[in-house]
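Structural overview for review
Given next are the chains, with one letter for each unit.
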Amino acid sequence: MRYDDLRTPSYIVSESALRKNLEILKDVEERSGAKILLAQKAFSMFRVYPLISGYLTGTTASGIYEARLASEEMKGRENHVFEPAYKDDEMEEIFSICDHVYFNSMSQFDHHLDTIRKHEDVKVALRINPEFSTQEGHEIYDPCSPSSRLGIRLKDMPEKLPKEVTGLHFHTLCEQGFEPLKATFDVVEKNFGKYFKDIRFINLGGGHHITKPDYDVEGLIGLIKYIRETYDIEVYLEPGEAIALDAGTLITEVMDIVETGDIPTLILDASAACHMPDVLEMPYLPPLTGSVESGVKVRLASRTCLAGDVIGIYELKTMPSVGDILTFGDMAIYSMVKNNTFNGMPLPDIVLQKEDGDYELVRRFGYSDFKERLS
Ligand SMILES: Cc1ncc(COP(=O)(O)O)c(C=O)c1O
């Protein structure tokens, strides 16, 4: 397909931008000895799992469906899973398709001990809560917020790790650089270091913005080498965003322009609530191709009936016309995995922009995708 043949709205993921990120991550793996996993919650476009598996060690899942997706679409690579609580009737399958299973509490670990003991080949880890917050502002993304349910606090850890546990895991960052990781690891080492002699691996979670141009990659490599050499344990990282950062766009058509009292509002066939929920949840203003610091001020909003379905206020060089196409940036991550059909909105097409410049329509959704989730 050519660009002109694409329909709106469409998520367009760029193979070459993905590869660029993967090359940075592969370099970190090779020079530090760390193992890097794709956190599928951020990006599960399995059409490109063959590409990703050429660079990374495997995937991590937040539940049985993501774990199953990885076992089907990224065969032969490591398959990790972490859930705050596991359903009894899912455990056999989880232990048969995953090679690393992480528990969020000692009670969950104890509850599933029979299954754990039956599957000696599956490595088991505990998620810890370092109680060291490095974030301000958005508590819903802070696993170290005071009332967080994520990870075992030091006071709730056993004196000695059960023999079945060979790993520790912490995930505390969100879109952060190396310094907060280093500060967090220092706290973990001080408070949980006594367990390091009994483990074989540590997982430093996600939230590392490794593929951002200003990320201190050398600092990260230094820390990983320090951990591996000092404690003789394997180090895992499980970023989501970093894998597909700036690797996708969402194209949308201007359907109408309405006067709303202050500035013109452009009605788009894309929706913040349905197609880019993080814009409302984080919240953040997604980058828009062609926006300028000072120009014509417009409000970009959706054709849903939700009053608050507004993407944001932008300044543009010139006033768009009905029928124009607008392009939002950084739309590969936390977009497709979170979208929904609220208001009966159609889901955007999923398109892969190939390295040879061609566009492949990977998936087109229809009415049945809306209806099948209802009764
Ligand atoms: C346990 C865990 N690991 C990894 C990630 C991926 O984080 P990010 O996409 O910010 O790198 C998350 C995100 O919430 C997470 O909860």
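Everything in this summary refers to the structure shown in the same document. (Residues numbered from 1 in each chain as written. Predicted model: local features only at pLDDT ≥ 70, side-chain atom pairs only at ≥ 80, totals over all residues. Heavy atoms only, no water.)

Counting buried positions over the 5 residues of strand S11 (residues 264–268) gives 5, a clear majority of the element. Residues Pro-264, Leu-266 and Leu-268 line one face of S11 and the alternating positions Thr-265 and Ile-267 line the opposite face, and both faces are buried. Inspection of the sheet shows strand S10 (residues 248–259) paired to S11 by 5 bridges, in the antiparallel sense. If you follow Glu-259 over to S11, its bridge partner there is Pro-264. Linking two consecutive strands that pair antiparallel, namely S10 and S11, is a turn of 4 residues; a positive phi of about 95° is found at Gly-261 within it. In the sheet, S11 pairs with strand S12 (residues 291–302) via 4 bridges, with the strands oriented parallel. Along S12, the bridge assignment pairs Ile-267 with Ala-301. (Buried < 20%, exposed > 50% of the residue type's maximum accessible area, 1.4 Å probe, protein only. Helix = DSSP H or I, 4+ residues; strand = E, 2+ residues; numbered from the N terminus. Pairing = 2+ DSSP bridges.)

Once that is clear, we can look at helix H7 (residues 178–192). For an α-helix, 3.6 residues make a turn, and residues three or four places apart therefore share a direction. The end-to-end C-alpha distance of H7 is 20 Å, a good match for the 21 Å that 15 residues give at a rise of 1.5 Å each. Within H7, the full set of buried residues consists of Phe-178, Pro-180, Leu-181, Thr-184, Phe-185, Val-187, Val-188, Glu-189 and Phe-192. On its buried face, H7 is in contact with strand S8 (201–203) and helix H8 (217–231). (Expected span 1.5 Å × (residues − 1). Contact = heavy atoms within 4.5 Å.)

Turning our attention to the site of the ligand. In the region of the ligand, the neighbouring residues are Ala-39, Lys-41, Ala-42, Arg-127, His-171, Gly-206, Gly-207, Glu-238, Pro-239, Gly-240, Glu-241 and Tyr-334. Lys-41 is positioned with one of its side-chain polar atoms (N or O) 2.7 Å from an oxygen atom of the ligand. When the ligand sits alone it has 400 Å² of accessible area, and the protein chains cover 87% of it. Split by residue class, the shell around the ligand holds 4 nonpolar, 4 polar and 4 charged. (Near = heavy atom within 4 Å. Polar contact = N/O pair within 3.5 Å; in protein donor to acceptor, adjacent residues only side chain to side chain. Areas by Shrake-Rupley, 256 points an atom, 1.4 Å probe, with all protein chains shown as cover. Nonpolar A, V, L, I, M, F, W, Y, C, P; charged D, E, K, R; others polar.)

Before going further, it helps to examine the side chain of His-208. Of note, His-208 is situated in the loop between S8 and H8. Taking relative accessible area as the criterion, His-208 reaches 1% and is therefore assigned buried. Of the polar contacts made by the side chain of His-208, one reaches the backbone oxygen of Leu-204; its length is 3.1 Å. Apart from residues lying up to four places away in sequence, His-208 is in contact with Leu-173, Gln-176, Leu-181, Tyr-215, Leu-237, Pro-239 and Ala-242.

Contact geometry for helix H1 (residues 15–32) and H8: axes closest at 9 Å, N-to-C directions at 35°. Handedness of the H1/H8 crossing: right-handed. Residues Val-28, Arg-31 and Ser-32 of H1 form the contact with H8, whose own contacting residues are Val-217, Glu-218, Leu-220, Ile-221, Ile-224, Lys-225 and Arg-228. (Axes fitted to C-alpha atoms, helices over the stretch in contact; angles between N-to-C directions. Left-handed = near helix turned anticlockwise from the far one by under 90°.)

To continue, consider the pattern of salt bridges. Inspection of every chain in the model, using the stated rule, returns 24 salt bridges. The salt bridge partner of Asp-198 is Lys-160, with a shortest N-O separation of 3.9 Å. On the criterion of sequence distance, the pair formed by Asp-198 in the loop between H7 and S8 and Lys-160 in the loop between strand S6 (123–127) and strand S7 (165–169) is long-range, its members being 38 residues apart. In this structure Asp-198 comes out as partly exposed when scored by relative accessible area, which is 29%. If you follow the salt bridges from partner to partner, you end up with Arg-2, Asp-4 and Asp-5 in one network. (Salt bridge = Lys/Arg side-chain N within 4 Å of Asp/Glu carboxyl O.)

Moving on: helix H3 (residues 64–73). Buried within H3 we find Ile-64, Glu-66, Ala-67, Leu-69 and Ala-70. Considering only its buried residues, H3 is in contact with helix H2 (49–53), strand S3 (58–61), strand S4 (78–82) and helix H4 (91–97).

To continue, consider the sheet that holds S8. With respect to topology, 8 strands assemble into a closed barrel ordered S2-S3-S4-S5-S6-S7-S8-S9, the strand pairing being parallel. Across this sheet, the average inter-strand angle for adjacent strands is 25°, counted without regard to direction. Pairing geometry for S3 and S4, over 4 bridges, is parallel. If you follow Ala-61 over to S4, its bridge partner there is Val-81.

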